[in-house]
Amino acid sequence: MPADPLLRIDGLHISFKAGQQWRDVVRGVDLRVAAGEVVGLVGESGSGKSLTALSIPQVLPPGARISSGRIVFDGTDLVGLPRKAMNERRGRDIAMIFQDPLTALNPVIPVGRQIYDSMRTHQAIGHKAALARIEELLALVGIRHPRERMRAYPHELSGGMRQRVMTALAVSSNPKLLIADEPTTALDVTVQAQVIGMLDRIRRELGIAVLFISHNLDLIAEICDRVCVMYAGKVVESSSVESVFAAPRHPYTRQLLRCIPRLDADTGPMPTIPGLPPRFDSDLVGCPFAPRCDEASDRCRTSEPPTWREPGHLAVCWDAA
Ligand SMILES: Nc1ncnc2c1ncn2[C@@H]1O[C@H](COP(=O)(O)OP(=O)(O)OP(=O)(O)O)[C@@H](O)[C@H]1O
Ligand SMILES: [Mg+2]
């Protein structure tokens, strides 16, 4: 038997209150992340990537709740964990970076000081050791002349630099899992590539597992070991990055692959899949992707598809076999 993964999400449902009813927008997500593994989460806007990610450290937006499922992290089910125990985990074991670093950084405190304060609050570390560690971390995330940069305020840094600082702050607590929700989306392509390089160093040198969320399968291919493809609140395909590119089993994944923007091209609007994902206020019958699928048959429109499995690969589709 393989060891338990670091993170195991089973049957996760997340709902929002709409009028008198709760409506599921995440509809049964299963997800595994092993210690030290980098897993990509990809899917169109609204597929539930961020809500899934936010549910792990339990920082869902107001009005959202986990309606069922388990989120087992390092042996403990986080769902229903008392707030105090959850807060400790959040500060220490699970870290998160976002698209917009300014929301995570305090504008009136120099960046080095912010990392210093966080380390001194959460860890038994002395003054000198903390300073040395900050210098190391800033160098690891690719900041040159870290000693001078420590004194800069967030607004004095470029977007890419701020992303690096936020990452250094996030990993300063030695987390086991770093959740990166579209950390490169606001950046230009050259800087995107640098941020990917930085995440790769973090995983290699610190051994931190990463859940990397992106619209862009090309970026996912750069750093991830495995990829989970989400559609309408569910993981519809999951496998190693190699087999998703070489032999995708779900038509939605094949369509996404056709929409990959080139890293070397101008960042124009990304080519998109015709049609729209289903609305969450309608009852879903059959495969939610069927209305947009060019391979759909009658049974896809009427019956929920089964999960096809092979070791290390699964796809929720009638025709995956
Ligand atoms: N604050 C909210 N109130 C009501 N519904 C919401 C709210 N936030 C998200 N949702 C619903 O949950 C769905 C999933 O949202 P989520 O933010 O997880 O998508 P995403 O995959 O991260 O999309 P994106 O790629 O645009 O970031 C959305 O389509 C929306 O219907
Ligand atoms: Mg999102």
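Here the structure is a predicted model, which means the values were calculated and not measured.

Q: Which residues make up the side chain of His-250, and what are the values?
A: Examined against the element boundaries, His-250 turns out to sit in the loop between helix 9 (241–246) and helix 10 (251–258). When its relative accessible area of 2% is taken as the criterion, His-250 is described as buried. Among the polar contacts listed, one links the side chain of His-250 to the backbone oxygen of Val-316, at a separation of 3.0 Å. Discounting residues that sit within four places of it in the chain, His-250 has contacts with Val-236, Glu-237, Phe-289, Val-316 and Cys-317.

Q: Requested: an account of the domain arrangement of the chain, with residues and values cited.
A: By the assigned domains, the chain splits into domain 1 (7–93 + 175–316) and domain 2 (100–174). Between domain 1 and domain 2, the C-alpha centre-to-centre distance is 28 Å. Between domain 1 and domain 2, the residue contacts involve 16 residues of the former and 14 residues of the latter. Of the roughly 1200 Å² buried where domain 1 meets domain 2, counting both sides, 67% is carbon and sulfur surface. Three residues, Pro-175, Met-198 and Leu-206, lead the burial of domain 1 against domain 2; their summed loss comes to 36% of the area buried on that side. For the pair domain 1 and domain 2, the interface holds 4 residue pairs in polar contact (both at pLDDT 80 or more). Counting residues per element, the ones that place at least two in the side of domain 1 that touches domain 2 are helix 2 (83–92) and helix 7 (189–206).

Q: Describe the nonpolar core, naming the residues involved and giving the relevant values.
A: Counting residues in each nonpolar core, the largest one holds 62 residues, and the members touching the most others are Leu-178, Phe-212, Val-227 and Tyr-252. Tallying contributions element by element places helix 6 (residues 159–171) first for this core, with 7 residues. Both domains that furnish three or more residues to this core are identified here as domain 1 (7–93 + 175–316) and domain 2 (100–174). Not counting residues up to four positions away in its chain, the partners in contact with Val-227 are Gly-40, Val-42, Leu-217, Ile-220, Glu-237, Ser-238, Ser-239, Ser-240, Val-241 and Val-244. In this structure, Leu-31, Ala-64, Phe-73 and Leu-81 belong to the second largest nonpolar core, which totals 32 residues.

Cut-offs applied
- Residues numbered from 1 in each chain as written.
- Chains lettered and ligands numbered in written order.
- Predicted model: local features only at pLDDT ≥ 70, side-chain atom pairs only at ≥ 80, totals over all residues.
- Heavy atoms only, no water.
- Helix = DSSP H or I, 4+ residues; strand = E, 2+ residues; numbered from the N terminus.
- Buried < 20%, exposed > 50% of the residue type's maximum accessible area, 1.4 Å probe, protein only.
- Polar contact = N/O pair within 3.5 Å; in protein donor to acceptor, adjacent residues only side chain to side chain.
- Contact = heavy atoms within 4.5 Å.
- Domains from an automatic or database assignment.
- Buried area = accessible area lost by both parts, 1.4 Å probe.
- Core = buried A, V, L, I, M, F, W, Y, C linked by side-chain atoms within 4.5 Å.

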